Structures are given as structure tokens and as C-alpha cells.
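Structural characterization, general
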Amino acid sequence: MQALHFGAGNIGRGFIGKLLSDAGIQVTFADVNQEIIDAIATRHEYPVNVVGEQSTTEIVKNVDGINSTSNEVIDYIASVDLLTTAVGPQILARIAPTIAQGIIARHNRGNSKPLNIIACENMVRGTSQFKQEIFKALPEELQQWTNTHIGFVDSAVDRIVPPATSKTGDILEVTVETFSEWIVDETQFVGIIPTIKGMQPVDNLMAFVERKLFTLNTGHAITAYLGFYNGIGTIRDAILDERIRLIVRGAMEESGLVLIKRYNFDEQKHMAYIEKILSRFENPYLQDDTARVGRQPIRKLGADDRLIKPLLGTFEYQVKNTNLLIGVAAALNYRNNDDEQAVKLEKLITEKGVKQAFCEISGIDVNNSIVMKVEEIYTAMQDHQFV
Ligand SMILES: NC(=O)c1ccc[n+]([C@@H]2O[C@H](COP(=O)([O-])OP(=O)(O)OC[C@H]3O[C@@H](n4cnc5c(N)ncnc54)[C@H](O)[C@@H]3O)[C@@H](O)[C@H]2O)c1
Ligand SMILES: O=P(O)(O)OC[C@@H](O)[C@@H](O)[C@H](O)[C@H](O)CO
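Parameters at a glance
Residues numbered from 1 in each chain as written. Chains lettered and ligands numbered in written order. Predicted model: local features only at pLDDT ≥ 70, side-chain atom pairs only at ≥ 80, totals over all residues. UniProt positions renumbered as here; feature names shortened; annotations may be inferred. Axes fitted to C-alpha atoms, helices over the stretch in contact; angles between N-to-C directions. Helix = DSSP H or I, 4+ residues; strand = E, 2+ residues; numbered from the N terminus. Parallel < 35°, antiparallel > 145°, perpendicular 65-115°, else oblique. Left-handed = near helix turned anticlockwise from the far one by under 90°. Contact = placed C-beta atoms within 7 Å. Nonpolar A, V, L, I, M, F, W, Y, C, P; charged D, E, K, R; others polar. Buried ≥ 20, exposed ≤ 12 C-beta atoms within 10 Å, placed from the backbone. Pairing = 2+ DSSP bridges. Near = placed C-beta within 6 Å. Domains from an automatic or database assignment.

An unreviewed UniProt entry annotates the protein as Mannitol-1-phosphate 5-dehydrogenase of Gilliamella intestini. Listed in UniProt under the heading Catalytic activity (unreviewed entry), the comment for the protein reads: "D-mannitol 1-phosphate + NAD(+) = beta-D-fructose 6-phosphate + NADH + H(+)".

What follows is the structure, given as C-alpha cells:
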């Protein structure tokens, strides 16, 4: 089996590429970072440090690399069996026209073998959104053929992989936590579902996507924003601060009650899931900066993302939301001149006021009672009358 993976970054090398390669699949990475691609194409292998109480270094072998803007990519798409991505949600629309060209080439070459596409991004049904972008660039007469021969498989991915500095200066070396979870929607594959150790097919993906995004990522983001607010640089140090931990746990419990009601999760198991996540944030073997986890605050304040979607759920199911509201206000308080979206957020708040800025970003109606509460907490934080 052959796979083309877009994005040779942390998750690409440290998680998805590794699982595929471990399963005996020939993986080619496509990336815009020429230095990384050259290194992969020259060495055909790289080390992954799996760190925890028992740390190991594993070598991912038999991999290749190509520049994602080269024409060669089209040939790959025309022939591979699996196409995966871990590029970031904002990049999917950018690479969609290339995928469409590859599909056209696949069709024109008479390749009717199944191809499955899986976007491994922190998004709700990211592959389905990717499909829409790909279809915008496909001629109408090819759409039916594409629906028959190509599976667009949604997934949930969970493994904390921050950028790490290699002691030997190896630009391909990546450091990952021991935990990993890759869940895919078994109902969306075309052809036989490949057996890949560590990839779990399920028939109720939405429950898994929301459980992960609205627990781990909700808690992670709030840890990052409250950490930043308190001048703390790493997720571990932030979550070890008792005041922050209380709010983060509280926010995960609030979103948890929504999830329990929505998906009928077992309450005890869900609370254990939250505790496990808190211990993962504390991982002493990883250095994860609050700036990485807080990156792109406008995306994170979006209607379908980790802060607003669970907050709206608390109204739907009539559960408490004090801590989620603090998380949202902390996100609005995030300032980082190295983060394009943080700069844009600050500008929007300065120009329009926090209320208007928040409503524009989150899609929440200005008359919704949430808005006033968020504004109150935001202002208290601005006046340093907060944790
Ligand atoms: N790092 C984590 O802990 C983690 C865990 C789960 C999910 N994710 C998700 O995985 C995705 C990737 O995150 P990451 O942390 O690996 O980011 P990253 O920045 O380390 O990797 C992204 C890679 O995509 C490449 N890229 C950018 N534009 C491209 C293009 N046009 N074509 C090909 N490659 C391109 C970049 O050069 C980079 O190598 C995100 O959606 C993130 O939310 C990350
Ligand atoms: O990648 P983002 O920006 O959507 O979110 C930042 C982190 O919360 C995220 O990368 C986690 O580390 C990851 O989702 C763990 O599985």
C-alpha cells in the first residue's frame, strides 16, 4: 500500500506518518518546507522519541519526501491508496485544488482502485469540509466518479506533539507523548478498510470527535490562555497552578456534562477521561508552550470550535458554564505579536470594542446574554481583577 501524507510537521512525522509506516505502508510526505523534504528524501528515515515514564526512540523507515507544490504530487495522487493530511485547518482550502488535479489525473489514467482521503486536523468533520473545497475545483462531470471511487473519511486525532529541539540538531527528530488515539469513520471508506495498528474505525465518529475536541482541546486552550494571562510560558507550569487547574477542570466538566447528555456517555468514565487529560497536560517530558496551544485564537473562538460550541451546549442542556465563560474571556485577552490571528484579534477589539469583536468572530447574537457576561469577565481581566 502507498500513502501520500500532506504536512511533514509534528503530527505528520510524529503520529500519522509513523503509524502508517509502522503498518508497512510506503509513506511519502508532501510539504512546502524544502529543508524538511530534502532531509526526508535523502535519509528515508527519522527518529521519534516516545516520551513518558518509559521513553524509547523509534526509527521510522522507508519514507520519502516531495515538495507539495511540485507536479510530481499530481502523479502520486493519481496512484496512491491513501491520502492523509496534517497541515492545519486553514491550509486545507489551499491544497484542495492540487488534490482535485490529482483526482482528474487518476480518472484520466483509468485508475479505478479505491483511494481514501483522511484529514487529520483538529476540526469537526474536517475531511467533509476538505471534500467541499476539493469539489469546488473538480469539473461537474467528475463528481459522481469521485464519489464512487474516493472515500472522504472524517477522523479524530489525539496525541500531544509540541515542536522539540533535538540534542543532536536533527531537524527530522520529533518528540511525542506515549498516548495516541486516531479514530476514523468506518462508514465513509471506499473499498476495504486498511488494517493500521493505532487507527480505530467506528460507526459513531461524532461522539469521538466532540469528546476529544470539546474536552482535551477545550481544556488545553483555556490552560494556554490563562497561562499567558499569568505570564506562564508552558502548559505544564500553567496546569500546575492550582487556580488555573480549578478553572480548566471546571470547564472540562461543564463541557463534559453537555457531552454526557448529548451522547449518553458514562459519567464516571468521562470524569476519568478528564483526569487522564489533566495528567497529560502535566507531562514533565514535554515542553509545550502556551503560545503553540493558544495559536490562532480567532479559529479557536469560531462557532464550531472548542470554546463556543461547548458553551452553546450548556444552554441547550441547561448546565453550568462559569468556567467556560472565563475561558472565552481569557481567549479574547490573548495578546501575542508573533501570532497573526492574535494581532488581528487585538486590532478588532480596539476598533470595534470587545462585544462587537466577539460577536463577529463567534457568530453569537449581540443580544445573547452570553455576550454581556463575556464582556464583564474580559473587562475584569483587563483591569487585572482576576486570577
Ligand atoms: N501537534 C499536536 O499536538 C496536534 C495533535 C492533534 C492534532 N493536531 C492537528 O494536526 C495539524 C497539524 O499540526 P502540527 O502541530 O503538526 O503543525 P505543524 O506546524 O508542526 O505541521 C504542519 C505542517 O504543514 C506544512 N504545510 C503548510 N502548508 C502546507 C502546504 N500548502 N502543503 C503541504 N504542507 C504544508 C508545514 O510546513 C508543516 O510542516 C493541525 O490541524 C493540528 O490541529 C496537532
Ligand atoms: O492544534 P490546535 O491549534 O488546534 O490546538 C492546539 C493543541 O490543543 C493541540 O495541538 C493538541 O496538542 C492536540 O490536539 C492533542 O491531540
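The structure having been displayed, the exposition proceeds.
1. Considering the packing of helix H7 (residues 205-229) against helix H10 (residues 267-281)
At a minimum axis separation of 10 Å, H7 and H10 run at an interaxial angle of 40 degrees. In terms of orientation, H7 and H10 fall into the oblique class. Note on packing geometry: the crossing formed by H7 with H10 is right-handed. For the pair H7 and H10, the contacting residues are Thr 215, Leu 216, Gly 219, His 220 and Thr 223 in the first and Tyr 273, Ile 274, Ile 277 and Phe 281 in the second. Its residues assigned to classes, the contact of H7 with H10 comprises 5 nonpolar, 4 polar and no charged.

2. Some points on the environment of Val 328
Inspection of the secondary structure puts Val 328 in helix H14 (residues 322-332). Of the residues examined, Val 328 has 28 C-beta atoms within 10 Å and is grouped as buried. Val 328 sits 103 residues away from Tyr 225 along the chain, and the two C-alpha atoms are 9.0 Å apart. Once residues lying within four places of it in the same chain are set aside, the contact partners of Val 328 are Leu 307, Leu 311 and Val 374.

3. Details of the sheet that holds strand E4 (residues 56-61)
Pairing is mixed across the open sheet formed by 3 strands, whose spatial order is E4-E3-E10. Two strands in the sheet have a free side with no partner beyond their single neighbour: E4 and strand E10 (174-177). This sheet shows a mean twist of 30 degrees between the axes of neighbouring strands, independent of strand direction. Note: strand E3 (residues 45-51) against E10, 4 bridges, orientation parallel. In the sheet register, Asn 49 faces E10, and the bridge partner there is Thr 175.

4. Some points on the site of ligand 2
Taken together, the residues surrounding ligand 2 are Asn 122, Asp 158, Arg 159, Ile 160, Leu 216, Asn 217, His 220, Val 293, Arg 295 and Gln 296. Among the elements that line the shell around ligand 2, the one with the most residues is H7, at 3 residues. Tallied by class, residues from the shell around ligand 2 come to 3 nonpolar, 4 polar and 3 charged.

5. Structural notes on the site of ligand 1
As a structural note, the neighbourhood of ligand 1 is formed by 26 residues, with Gly 7, Gly 9, Ile 11, Glu 121 and Asn 122 the closest of them. Secondary-structure elements contributing two or more residues to the shell around ligand 1 are helix H1 (10-22), strand E2 (26-31) and helix H4 (89-108). Among the elements that take part in the shell around ligand 1, H4 stands out by supplying 4 residues, more than any other. Here the shell around ligand 1 is composed, by residue class, of 14 nonpolar, 8 polar and 4 charged.

6. Some words on the UniProt feature "domain: Mannitol dehydrogenase C-terminal" (unreviewed entry) in the protein
When the UniProt feature table is mapped to this numbering, "domain: Mannitol dehydrogenase C-terminal" (unreviewed entry) covers residues 204-381. Its end C-alpha atoms 40 Å apart, residues 204-381 is made of 74% helix and 0% strand.

7. Topic: unusual backbone geometry
If a residue is not glycine, its phi is most likely negative; likewise, a peptide bond is most likely trans. Within the chain, His 44 stands out as a residue other than glycine whose phi angle is a positive 60 degrees. Positive phi outside glycine occurs at Gln 296, with the angle close to 55 degrees. Among the structural elements, Gln 296 can be located in the loop between helix H11 (290-293) and helix H12 (297-300).

8. So, the domain arrangement of the protein
What the domain assignment lists for the protein is domain 1 (2-202) and domain 2 (207-382). Taken together, the 17 residues of domain 1 in the interface contact 16 residues of domain 2. Mapped by element, the contributors of at least two residues to the side of domain 1 that touches domain 2 are H4, strand E9 (155-158) and E10. Looking at the side of domain 1 that touches domain 2 residue by residue, the classes come out as 10 nonpolar, 5 polar and 2 charged.

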